[in-house]
Amino acid sequence: MAGRRKPKNTRKDAARTNAAPAELRFFSERLRRKLGQLQAFSSAVVEAPSGCGKTTAVREYLKSFVPRDVEVHWFTAVDEAPEAGFGRFCREIGTIDPRAGERLLRAGFPNAFTLGEACEALRSLTCARETRLVVDNFQSLCPGLPAAFLGALLEHGGAGLQVVVITQPLGLEMRAAVAGRAFFHLTAGDLRLDAEDIRRYYALAGVALPAFEAQTLLGLTDGWVMAVHLQLRAFRETGAFSHTAVQTLLEKVIWERLSRDQQNLLLRISPFETVTGRQMCVLLGHDELPEYALAALANPFIRHDPATRRYEPHAVLLELIRQKRAERGPAFERECLLGAGDCCRDRGETAEALGFYARIQAYERILALDLSPLLFAEIDNRPFAALALEIFERCPARIRQEHPLSMLRLAWALKAAGREAAFAAILEESAPAEDGARRDGAAQGEARRDDLLRAEWLLLSAYRHYPRPAKMLPLAQKAGRLFAGACSQVILPQAPWAFGNYFQLSEFHLRAGAADREADALEAFLVPYSRLTNGHGAGAGALMRAEIAYCRGDMAGAEIFAHKAAFLAENARQHVIRLGALKMLADIALVRADTPAWQRALDGLERAAAGRNDFALRPVLDTIRGAMLSELHKPERIADWLRQGDVASRPLLPPVRDNALYVHVMYLLHRGELARFLGTQKALPAGIIQKSAFSAFLFALLMAIGHMFAGDRARAGEFLERAAAKALPDGFILAFAASAWLLRGLVEELIAKDHPQLLDRLNDLKARFGSGWETLRAALSRDEPPVNLTGREREIALLAAEGLRNHEIAAGLEVTESTVRTHLRAIFQKLDIDRRAKLTERLK
């Protein structure tokens, strides 16, 4: 390999040096010819099930068909948290194009708001020299990735760059996203051997195989090179072929040939997808790997990457050794998973450790972890709250009592998930002794720990009265005296405020006519509370003031409070509140027919979304976007899961679920599905409808609209009166003005009859809202950009629509490629698209 790479690229050389053993590198002439064609394409997808030889085929392509001076980057996705895997991918992209890698990292895991930026970053990829990027095990990277991301990766703009994606069979959505694109496609059919290929394979190994036996072997192996290889090994040892399945054959020719120590090694590493030598030493209790371990790892079904020093068992082998681990019984299974968890814990990989411990109900080890960063995370693809409930129900009382702070953290996660009974029960059993009950002579340090624990308990106990801040305030004040300047280690600022509800009125406005007093109470509570929680809830009071002013039609007051809320929230890392403030600014812009301000608010949402992709926040972003588009009657652009009402199968916090249901029913309304709209509304639990005065008002208003659309004017009038009874005591007139045209005179009749003092206000807001709505909706139509493009932006957009690449546009306009990319990013955001292919239809 000398001379093929510069020394600094030795990490990438693993793509070439880590090949499979010779007998697994057999290729049919048909496949070899096709691999030779791959170099003519800028993108390729190698798609087949495990065991077909996908990775080996790509390595052969790099070895035989790619010049030695070409730079190779090999990225292997593994089963890990989506954000972690995506971050590693971005950093790998950064080794090719630092600017593109930085843009991807800044945008964060793609969601509805950041997808356009992420896709444009991929399409703007450049490389300084001829380069190949291989993305192996793409299926482990793609869970949660929008399908358009794969399309953008294949459409990359790097001259001299070739992207090869190796993946197990793509799902329907991913397949649809890449359909019609000009990329090289290698499938299982290309990788499988036929009967003649099998004869040639055996001949090279010194075994003469008659044609009829080759045909028999084809039936046994389905042409998989791995299975053909296993049959060859069996034939050499027994003189006959095995009619057992691949797993059984692998057991006979690999597993049964290992010593007990070697088997034990593989069993110990079986919880991991990949493992380092250092981890194996820890698991075995050795300072360095013994000879038997090195011999076991020199296996054709275990791949070693010298660059990362990681070993990766083939998926089929991993399945076998995990099966063997289970056969050893529950005690051995527990021992292996405990060892894996301890190994991760000692490396600071708390989430991974928790996942292993949770699988064997190692509650003492779980509660000994610092769980704070994980309370709103997913562990093994389930929300932490599900694990918290399991611990509450199954963990022995003795262990719970030994870890009071961890139990309070579990209680907080359960409260957020709406598990009120479990939350209350943990608080009850965790109640610390009163100050006076502390034993005499307690050390000062112990006394301080007792004070802090009681302070945490009091602060959390305030949530027994949530969402009534006036009742929560005394407990927060009492906790503050015990904290004595310290901050909570249970309620942290990264917890989603109001459990993900970006609209404060629907959470804290409980009684008609009391909105101002309730806002006073919220602001009073937040003074000590935010200080004790290092900023949790900062800006929520100002946001509620903005919402009150907006609902009354006071756009000037609403705007001031919304900006105040956004500022406070941003400085305290209160992402949900910041998103709510930006949504409020977008709503204000609509009433004012201020399209640029609406676009600025949308841009702000996208920026706020960057880097914030935990499972609790992603649906909040989708829901806000859905609410904005629903208001403008653009249901086709709402996220699929919201259109389908897919809330039961998702790990949504209760307020997020409620807001998602609102977007869904609005989608049904604007689609004209009146029966489903009314039926869904009537099926909503009373706890959602009566949650707050604002929730009851909104339900009644939507029911009035639905019945009016269905032709039942009388029933619509009844619901409209209910809505008025909930909203008008607080002066909330704007929603009636916005809905007046849908209710065909009912609103005007009601206001004139029962609230004549509001009639002029109603008519004024009707005109303003109608004008703003028409302006924004026209801007979002397919025939006109949502915001007027600048002259330069339109010029670049037209050239890009004609198919010109960034460097061609830059040369023609005498600007830098960086300038072109900057303009294209703005264009994509303004046109609400994620790829160049959509430019033509949007610029008609």
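Description of the structure in this document. Quantities reported herein were computed from a predicted structural model and do not represent experimental measurements.

### Brief notes about the nonpolar core
Here comes step 1: If you look at the biggest cluster of nonpolar residues, it comprises 226 residues, and the most contacted ones within it are F384, W412, Y463, W497 and F736.
Here comes step 2: Among the elements that take part in this core, helix α32 (residues 575-591) stands out by supplying twelve residues, more than any other.
Here comes step 3: Ignoring anything within four residues of it in the chain, the contact list for W497 reads Y463, Q504, F508, L522, L526, Y529, H536, G537, A540, Q574, V576 and I577.

### Side note on the sheet that holds strand β2 (residues 71-76)
Here comes step 1: In spatial order, the strands read β2-β3-β4-β1-β5; together these five strands make up an open sheet with parallel pairing. This sheet does not close on itself; its edge strands, each paired only once, are β2 and β5 (184-187). Between one strand and the next, the sheet's axes are offset by a mean angle of 15 degrees, whatever the strand orientation.
Here comes step 2: The sheet contact formed by strand β3 (residues 131-136) and strand β4 (residues 161-167) spans five bridges and is parallel. Note that in β4 the partner of T131 across the bridge is L161.
Here comes step 3: On top of the sheet, helix α4 (residues 82-96) reaches β2, β3 and β4; it is set at about 175 degrees to β2, its chief contact.

### Quick word on empty space enclosed by the protein
Gaps between atoms show up when a probe of the same size as a water molecule is rolled over them.
Here comes step 1: With the rule as written, the count across this model stands at four cavities of 30 Å³ or more.
Here comes step 2: In this structure, the largest cavity occupies an estimated 1000 Å³ of space.
Here comes step 3: Residue lining of the largest cavity: 43 residues in total, with Y662, M666, F694, L698 and L702 positioned closest to the centre.
Here comes step 4: Those elements that provide at least two residues to the lining of the largest cavity are α30 (540-551), α32, α34 (618-631), α36 (654-670), α38 (686-689), α39 (693-709), α41 (734-743) and α43 (759-780).
Here comes step 5: Sort the elements by how many residues they give to the lining of the largest cavity and α36 lands first, with nine residues.
Here comes step 6: Partitioning the lining of the largest cavity into residue classes produces 29 nonpolar, nine polar and five charged.

### A short note on the packing of aromatic side chains
Here comes step 1: Under the defined criterion, the tally for this structure stands at 27 aromatic pairs.
Here comes step 2: Their ring planes at 70 degrees and their centres at 5.4 Å tell us that F694 and F697 sit as a pair that is edge-to-face. In this pair, F694 and F697 are both assigned in helix α39, three residues apart and thus about one turn of the helix distant. Each member of the pair, F694 as well as F697, is classed as buried.
Here comes step 3: Here the aromatic cluster, defined as three or more aromatic residues joined through ring pairs, consists of F376, W412, Y463, Y466, W497, F499, F508, F525 and Y529.
Here comes step 4: Sitting over the face of the ring of F332, R328 holds its NZ or CZ atom 5.1 Å from the ring centroid.
Here comes step 5: Positioned above the aromatic ring of F719, the side-chain terminus of R722 is 4.4 Å from the ring centre.

### As for unusual backbone geometry
Here comes step 1: The omega torsion of the bond from Y466 to P467 falls at 5 degrees, within 30 degrees of zero and hence cis.
Here comes step 2: Its place among the elements puts P467 in the loop between α26 (444-461) and α27 (469-483).
Here comes step 3: Located in the positive-phi region is N137, a residue other than glycine, with phi close to 55 degrees.
Here comes step 4: With respect to the helices and strands, N137 occurs in the loop between β3 and α7 (138-141).
Here comes step 5: For N137, a relative accessible area of 18% translates into the label buried.
Here comes step 6: The phi dihedral of A593 falls on the positive side, at around 55 degrees, and the residue is not glycine.
Here comes step 7: Along the chain, the position of A593 falls in the loop between α32 and α33 (595-609).
Here comes step 8: Accessibility expressed as a relative area gives 28% for A593, which makes it partly exposed.

### Regarding helix α11 (residues 195-204)
Residues spaced three or four apart along an α-helix face the same direction, because each turn holds 3.6 residues.
Here comes step 1: For α11, every residue scored as buried is listed here: A195, D197, I198, Y201 and Y202. The buried residues of α11 occupy one face: seen down the axis, they fall within an arc of 155 degrees.
Here comes step 2: Tucked inside the fold, the buried residues of α11 contact α2 (29-38), α12 (211-221) and α13 (225-238).
Here comes step 3: Looking at where α11 begins, the residue whose side-chain oxygen comes 3.1 Å from the main-chain nitrogen of E196 is D194.

### Brief notes about the packing of helix α15 (residues 260-269) against helix α19 (residues 330-346)
Here comes step 1: Look at α15 against α19: their axes get within 8 Å of each other, and the N-to-C directions meet at 65 degrees. When the axis of α15 is compared with that of α19, the two are roughly perpendicular. Packed against α15, whose contacting residues are N264, L267 and R268, the element α19 presents F332, E335 and C336 at the interface.
Here comes step 2: Across the contact of α15 with α19, the residue classes tally to three nonpolar, one polar and two charged.

### A look at the packing of α41 against helix α42 (residues 746-754)
Here comes step 1: Running from amino to carboxyl end, α41 crosses α42 at an angle of 125 degrees, the nearest separation of the two axes being 7 Å. One element, α41, and the other, α42, form an angle in the oblique class. Between α41 and α42, the residues in contact are F736, A740 and L743 and L746, V747 and E748, respectively.
Here comes step 2: Here the contact of α41 with α42 is composed, by residue class, of five nonpolar, no polar and one charged.

### Concerning the sheet that holds strand β8 (residues 310-313)
Here comes step 1: Here three strands make up an open sheet; going across it, the order is β6-β8-β7 and the pairing antiparallel. Edge positions in the sheet fall to β6 (275-276) and β7 (302-305), since each of these pairs with one other strand and no more.
Here comes step 2: In the sheet, β7 pairs with β8 via four bridges, with the strands oriented antiparallel. Residue pairing across strands places H304 opposite Y311, the latter belonging to β8.

### Here's the deal with the pattern of salt bridges
Here comes step 1: The full count for this structure, using the stated rule, is 47 salt bridges.
Here comes step 2: With a closest N to O distance of 3.8 Å, R106 and E102 form a salt bridge. Residue R106 and its partner E102 are both found in helix α5 (residues 98-107); the two are separated by four residues, about one turn of the helix.
Here comes step 3: Classification of R106 by relative accessible area gives partly exposed; the value is 41%.
Here comes step 4: The class of E102 is partly exposed, set by a relative accessible area of 41%.
Here comes step 5: Here E748 ties to K766 by a salt bridge, and the two come within 2.6 Å at their closest N and O atoms. Of this pair, E748 sits in helix α42 while K766 sits in helix α43, and the two are 18 residues apart along the sequence.
Here comes step 6: Residue classification places E748 among the partly exposed positions, given a relative accessible area of 22%.
Here comes step 7: We classify K766 as partly exposed; its relative accessible area is 27%.
Here comes step 8: Sharing partners across several salt bridges, the network here consists of D342, R345, D346 and R365.

Cut-offs and rules
Residues numbered from 1 in each chain as written. Predicted model: local features only at pLDDT ≥ 70, side-chain atom pairs only at ≥ 80, totals over all residues. Heavy atoms only, no water. Core = buried A, V, L, I, M, F, W, Y, C linked by side-chain atoms within 4.5 Å. Buried < 20%, exposed > 50% of the residue type's maximum accessible area, 1.4 Å probe, protein only. Helix = DSSP H or I, 4+ residues; strand = E, 2+ residues; numbered from the N terminus. Contact = heavy atoms within 4.5 Å. Pairing = 2+ DSSP bridges. Axes fitted to C-alpha atoms, helices over the stretch in contact; angles between N-to-C directions. 1 Å grid on protein atoms, 1.4 Å probe; cavity = no way out; pocket = protein on both sides within 12 Å on 5 of 7 lines; lining within 4 Å. Points joined across faces, edges and corners; volume = space filled by probe spheres on them. Nonpolar A, V, L, I, M, F, W, Y, C, P; charged D, E, K, R; others polar. Phe/Tyr/Trp six-rings, centres within 6.5 Å; stacked < 30°, edge-to-face > 60°. Lys NZ or Arg CZ within 6 Å of the ring centre and 35° of its normal. Arc of directions from axis to C-beta. Polar contact = N/O pair within 3.5 Å; in protein donor to acceptor, adjacent residues only side chain to side chain. Parallel < 35°, antiparallel > 145°, perpendicular 65-115°, else oblique. Salt bridge = Lys/Arg side-chain N within 4 Å of Asp/Glu carboxyl O.

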